[in-house]
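Residue-level structure breakdown
Below are the chains, spelled out letter by letter.
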Amino acid sequence: MTTLGNPGATTQAWSASALGRACSSLMAFALAMGHASPARCDEPTPTATASDEAAVEQRRSEARAKYEAGADAYERKHYKDAVDFFLAADRLAPSAPLSFNIARAYERLGDDASALRWYRDYLRRNPTAPNANAVRELVTKFANVLRQKGIQQVSVASTPAGATVSIDDQPLGVTPWTGELAPGKHRILLTLRGYADAERDFDLGANEPLDVAIRLEQP
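What you are looking at is a predicted structure, and each value in this text was computed from that prediction instead of being measured.

1. Some points on the nonpolar core
The biggest cluster of nonpolar side chains holds 36 residues, and the ones touching the most others in it are Phe86, Tyr106, Tyr119 and Tyr122. Elements supplying a minimum of two residues to this core: helix H3 (50-75), helix H4 (79-92), helix H5 (96-109), helix H6 (112-125) and helix H7 (132-148). Not counting the four nearest positions on each side in its chain, Tyr119 is found in contact with Phe100, Ala103, Arg104, Glu107, Val135, Leu138, Val139 and Phe142. Counting residues in hydrophobic clusters, the runner-up holds 15 residues, among them Ile167, Ile188, Ile214 and Leu216.

Structure representation (structure tokens):
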């Protein structure tokens, strides 16, 4: 299986051919673990006990096994299985490279919306990645596919996460949430126990995805 260079090295010069390879192969697990998202990865703190560090290492070991199973499934063109394994690895040790791999597998499945979602997630996690420009081109490509279908993608995040998302009076899930809507004006309502309800209006354009971020306030 072909793997990429270090996805966290922001000073590396990438040629056009390298960028092409960056969007046609998977990212290696070792690099994924080495550049996990600080906001979501359970890294040991300076005061962590030996048992805490052992638990983190156990999660990494489990994530490595899930990644390897996903990479094997991807190579055998079992892309749905690859998605499932990569998602499981990402739940254990979230990282930008795993987002990229999930997007690649969804792209192979022809799932344009899910590929778009995870390429966007990759850029959120690592906006200065060496292949960021190439991935932005893919985001534009898949956004155009959705535009031709008369829909566009919106992602809703809240601080804290876990709020129930309702859009136009329809409950849709919990934050962080991503889905597709018809372009135009919409109203979002976030509810979370212990916090005041938050209501916002937003205008979803036809040409590109939208991120909506809302900080919830305690009453």
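2. Concerning the pattern of salt bridges
Scanning all chains against the criterion turns up 13 salt bridges. We note a salt bridge from Asp72 to Arg76, for which the minimum N-O separation is 2.8 Å. On the basis of relative accessibility, which here comes to 41%, the residue Asp72 falls in the partly exposed class. For the salt bridge of Arg120 with Asp211, the shortest nitrogen-to-oxygen distance reads 2.9 Å.

Each value, and the rule that gives it
Residues numbered from 1 in each chain as written. Predicted model: local features only at pLDDT ≥ 70, side-chain atom pairs only at ≥ 80, totals over all residues. Heavy atoms only, no water. Core = buried A, V, L, I, M, F, W, Y, C linked by side-chain atoms within 4.5 Å. Buried < 20%, exposed > 50% of the residue type's maximum accessible area, 1.4 Å probe, protein only. Helix = DSSP H or I, 4+ residues; strand = E, 2+ residues; numbered from the N terminus. Contact = heavy atoms within 4.5 Å. Salt bridge = Lys/Arg side-chain N within 4 Å of Asp/Glu carboxyl O.

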